[in-house]
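# A structural walkthrough
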Amino acid sequence: MSKIHEECGVFGIFANETTDVARSVYYGLFALQHRGQESCGIVVNDDGLFSSYKDVGLVNDVFTAERMNALGKGNIAVGHVRYGTTGVSDRINAQPIVVNHTKGRMAIAHNGNIVNSYDLRTELELQGSIFQTTSDTEVIAYNIIKERITSPSIEEAVNRAMNKIRGAYSLVIMSPSKLIAVRDENGFRPLCYGVRDDGCYVVASESCALDAVGAKFVRDLEPGEILIFDKHGIRQILDHTNKAPRSMCVFEYIYFARPDSIIDGCGVHHARSRAGAFLALEHPVNADVVVGVPDSGLDAAVGYSKQSGIPYGIGFIKNKYIGRTFIAPEQKAREDKVRIKLNPIAETVKDKRVILIDDSIVRGTTSARIVKLIREAGAKEVHMRISAPPFLNPCYYGTDIDSRENLIACHHSIDEIAKIIGVDTLGYLSVDSVKKIACGGRTDGFCTACFSGEYPTEIPTETHKNRFEQKISERLKEEENN
C-alpha cells in the first residue's frame, strides 16, 4: 500500500416509465470511476425482472456495447464501482449483489465498511446462512432480508436492519418497485440525490455523477436518513437521524471525492484550496514555485500559492491512459510505474526552490520516487507539504488503512521521514486545521480517527479475515507468484 486507495461508488435511478436506465447508470459510474477501479456492475429492473452484469475491471472495459444492449431497458437500475476494503478483489465480490428471497428480489450496492461485520456474519452462519462472497455488503443484505420476512415493506425491513448494523454504509437498494437510498447514522460516506427534467430521480455517491446524467442536485441525505423513490414520489424515514454524532470522513474532501463534487454543502475544490492555504500559514518557506502532485494535490497547491504569494507552476504531466489497474509484477517495473504515470516539467522546476504539495504519505515509497523525479529535473530545493495530518491509526470505516505497521509516521519522526523521502523540509497539515477545511470553517462533524485516534464508534474487537477469505487470498497470492 503506497497510496491510500479510493472508496466505492454507488448509483441508482428511478424512472416512471420504461427507458434506457442502464445507459444512465453507465455514465454515472463513469463519473464515479475515481472511487473504485477493481470491479463494477449494473442491475436493471424491468417490471420486476432483474438483468445484471458485473466483472473485474473499469467501467469502459466491462460494459461493452453488446453487454449494455443485453441489459435491456427498465424503469429502475442500480450500479457500483468497487475498491474493496473487505473481501478479496475477485469477480464474486463485485457489486451490486442480487438476492432472491421469499418476498421477491433485491439488489444492493454499498459504499463503506461495517465495524460489526464479523459478529453479524458469525451469528448468521450459526443460524444456517450460506455466504457466497467475502464482502460485508452480503452481511447487510442478509440482515435486511431477515427483517423483510416479518416486515410490511422493504423500507421497513431496511429501517429495522439499521438497528443492528454499525459503521459506515451508504446504500442504494432496488426492489421490484422501489429505489431506496440509505445513509448510516454517522454519515461517514457521502450520498446525495437529484432529479432530471424528465422526472427521473437519481441517487449517487457524489454530485458529479448527477451532473454526468443531467440531473439537478437536490440535496445530500442526512445521516441516518432513508429515502424511498417509487411511483408515488419520494418518502423518507427518519427514525435513525440525530442518533449519532455526524462523522463525515474528512479524507473525502482531501482525496477521495472529485474536485467538482459538492459534499454536505461544501465544494471539494474549495475545501482542498483551504487546506493548502492553512498549510501555507502553518508551514511557510522561502521558495520560487509551488507545484502540486496530480491529481488531488493540485487544488491544495493553488491554495498554498494564493495564501503565500509564491507562484503556482505545473510541475508534472500525468499520463491519463495509465489506470490504477496498471500491472507491474516485478520490483523494477513497480519502480518504473511512477515514471510512466508522472513526468516532471523541467522548465518549471529547474534551478528552483520547489514547494511540492501532495495529499498524503503512507509508506513513503511513492513520495520518495516523486521527489527523485523532480530533483532529476533540476530542482535546487524540494520542500514537501502534505494537505493532511500524518496517518497514525487504522480506519474501520472503509478507507484502506488497515495496520499501523505499514504507516511511516508510526515509526519515524517528521525529520526522519523528510530524510527518507529526500526532501529539504517536510510539513503536514495539523489535525485542528484539517477540521476547518470545509465551507464556513466549521470544526465539528468530521471523522479524523486515522489522524487522531478518536473513533466515533466502538471499534471492532475482531478484524481478521474469515477462513473462507483467507483461503481465497492464499490462492490468489499463489497465482500471483507463479
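That block above? That's the structure.
Predicted model only: the values in this text are computed from it and were never measured.

### Quick notes on the overall build of the protein chain
Within the protein chain, the secondary structure is distributed over 17 helices and 24 strands. Counting the 482 residues in the protein chain, one finds 57% classified as buried. Within the protein chain, counting contacts between residues at least 6 apart in sequence, those at least 24 apart form 70% of the total. Looking at the protein chain as shown, the accessible area adds up to about 20,100 Å², and 49% of this sits on carbon and sulfur atoms.

### With respect to helix 1 (residues 21–31)
Taken across its eleven residues, helix 1 has eight buried, putting it largely inside the fold. Buried residues along helix 1 sit against strand 1 (9–19), strand 2 (39–46), helix 2 (59–62), helix 3 (65–71), strand 4 (74–82) and helix 7 (207–212).

### Some points on the sheet that holds strand 22 (residues 381–386)
Pairing in this open sheet of five strands is parallel, and the strands run 18-17-21-22-23 from one edge to the other. This sheet does not close on itself; its edge strands, each paired only once, are strand 18 (312–313) and strand 23 (425–428). The pairing of strand 21 (residues 353–358) with strand 22 spans six bridges and is parallel. Across the sheet, residue Asp358 finds its bridge partner in strand 22, namely Ile386. Sheet contacts for helix 13 (residues 365–376): strand 21 and strand 22; angle to strand 22, the most-contacted strand, approximately 145°.

### Examining unusual backbone geometry
Note: most residues except glycine have negative phi, and most peptide bonds are trans. Across the junction of Gln95 and Pro96, the peptide omega takes the value 5°, indicating a cis bond. Relative to the elements of secondary structure, Pro96 occurs in the loop between strand 4 and strand 5 (97–101). In the segment running from Pro294 into Asp295, the intervening peptide bond is cis, with an omega of 0°. Among the secondary structure elements, Asp295 is positioned in the loop between strand 17 (289–292) and helix 10 (296–308). Even without a glycine there, the phi angle at Asn242 is positive, about 60°. Relative to the elements of secondary structure, Asn242 occurs in the loop between strand 13 (233–237) and strand 14 (248–249). Judged by its relative accessible area of 76%, Asn242 falls in the exposed class.

### Considerations on the sheet that holds strand 6 (residues 104–114)
Hydrogen bonds between backbone groups are what pair the strands of a sheet, and the pairing can be parallel or antiparallel. Overall, antiparallel pairing links the six strands, which are arranged 5-6-7-8-12-13 in an open sheet. Looking along the sheet, the strands with just one partner apiece sit at the ends: strand 5 and strand 13. In this sheet, neighbouring strand axes are inclined to one another by 20° on average, regardless of whether the strands run parallel or antiparallel. Of the strands in this sheet, strand 6, strand 7 (167–174), strand 8 (179–183), strand 12 (226–230) and strand 13 are in contact with helix 6 (residues 154–161), which crosses strand 12 at around 165°.

### Describing the pairing of strand 5
Covered by surrounding structure in strand 5 are Ile97, Val99 and His101 only, the residues Val98 and Asn100 on the alternate face being uncovered. Across five bridges, strand 5 lies against strand 6 in antiparallel orientation. What sits directly across from Val99, in strand 6, is Met106.

### Comments concerning a nonpolar patch on the surface
A surface patch of nonpolar side chains, amounting to about 290 Å² of accessible area, comprises Tyr312, Ile314 and Ile317. Position of Tyr312 relative to the elements: it lies in strand 18.

### Overview of the layout of surface pockets
In this structure, the second largest pocket encloses a volume near 300 Å³. Along the walls of the second largest pocket sit 20 residues, with Val115, Arg166, Gly167, Thr457 and Glu458 positioned nearest its centre. Where the lining of the second largest pocket is concerned, the elements lending two or more residues are helix 4 (117–126) and strand 7. Its residues placed into classes, the lining of the second largest pocket shows nine nonpolar, five polar and six charged.

### Some points on the packing of aromatic side chains
Tallied over the entire structure, the rule returns 16 aromatic pairs. When the ring of Phe131 is compared with that of Tyr142, the centres are 4.7 Å apart and the planes differ by 50°; the resulting orientation is tilted. With Phe131 in the loop between helix 4 and helix 5 (136–148) and Tyr142 in helix 5, the pair connects residues that are eleven residues apart, well separated along the chain. When the centroid spacing of 5.8 Å and the interplanar angle of 40° are considered together, the rings of Phe251 and Tyr255 count as tilted. One end of the pair is Phe251 and the other is Tyr255, both in helix 8 (residues 251–256) and four residues apart, which spans about a single turn. Grouping residues by exposure puts Phe251 and Tyr255 together as buried. An aromatic cluster is defined as three or more aromatic residues linked by ring pairs; in this entry it consists of Phe251, Tyr255, Phe256, Phe391 and Phe451. Note that Arg91 overlies the ring of Tyr53, its terminal NZ or CZ placed 5.5 Å from the centroid. Over the face of the ring belonging to Phe131 we find Arg121, whose NZ or CZ atom lies 4.2 Å from the ring centre.

### With respect to the nonpolar core
Core analysis: the largest hydrophobic core is formed by 47 residues, its most contacted members being Phe251, Tyr253, Ile254, Tyr304, Ile355, Ile437 and Phe451. Those elements giving two or more residues to this core turn out to be strand 14, helix 8, helix 9 (268–282), helix 10, strand 21, strand 24 (446–447) and helix 16 (449–452). Per-element tally for this core: the top contributor is helix 9, with six residues. With residues near it in sequence (within four places) discarded, Ile254 still touches Arg272, Ser296, Asp359, Ser387, Ala388, Val434, Ile437 and Phe451.

### Topic: the packing of helix 4 against helix 5
Their axes nearest at 10 Å, the elements helix 4 and helix 5 cross at an angle of 55°. Viewed along their axes, helix 4 and helix 5 adopt a mutual orientation that is oblique. The crossing of helix 4 and helix 5 is left-handed. Only Asp136, Val139, Tyr142, Asn143 and Lys146 of helix 5 make contact with helix 4, whose side of the interface consists of Ser117, Leu120, Arg121, Glu123 and Leu124. Counted by class, the contact of helix 4 with helix 5 contains four nonpolar, two polar and four charged residues.

Parameters at a glance
Residues numbered from 1 in each chain as written. Predicted model: local features only at pLDDT ≥ 70, side-chain atom pairs only at ≥ 80, totals over all residues. Heavy atoms only, no water. Helix = DSSP H or I, 4+ residues; strand = E, 2+ residues; numbered from the N terminus. Buried < 20%, exposed > 50% of the residue type's maximum accessible area, 1.4 Å probe, protein only. Contact = heavy atoms within 4.5 Å. Areas by Shrake-Rupley, 256 points an atom, 1.4 Å probe, with all protein chains shown as cover. Pairing = 2+ DSSP bridges. Axes fitted to C-alpha atoms, helices over the stretch in contact; angles between N-to-C directions. Patch = residues over 30% accessible without salt bridge, like charges linked within 9 Å, V, L, I, M, F, W, Y side chains within 5 Å. Salt bridge = Lys/Arg side-chain N within 4 Å of Asp/Glu carboxyl O. 1 Å grid on protein atoms, 1.4 Å probe; cavity = no way out; pocket = protein on both sides within 12 Å on 5 of 7 lines; lining within 4 Å. Points joined across faces, edges and corners; volume = space filled by probe spheres on them. Nonpolar A, V, L, I, M, F, W, Y, C, P; charged D, E, K, R; others polar. Phe/Tyr/Trp six-rings, centres within 6.5 Å; stacked < 30°, edge-to-face > 60°. Lys NZ or Arg CZ within 6 Å of the ring centre and 35° of its normal. Core = buried A, V, L, I, M, F, W, Y, C linked by side-chain atoms within 4.5 Å. Parallel < 35°, antiparallel > 145°, perpendicular 65-115°, else oblique. Left-handed = near helix turned anticlockwise from the far one by under 90°.

Honestly, that's just the spatial picture; any functional story needs more than this.
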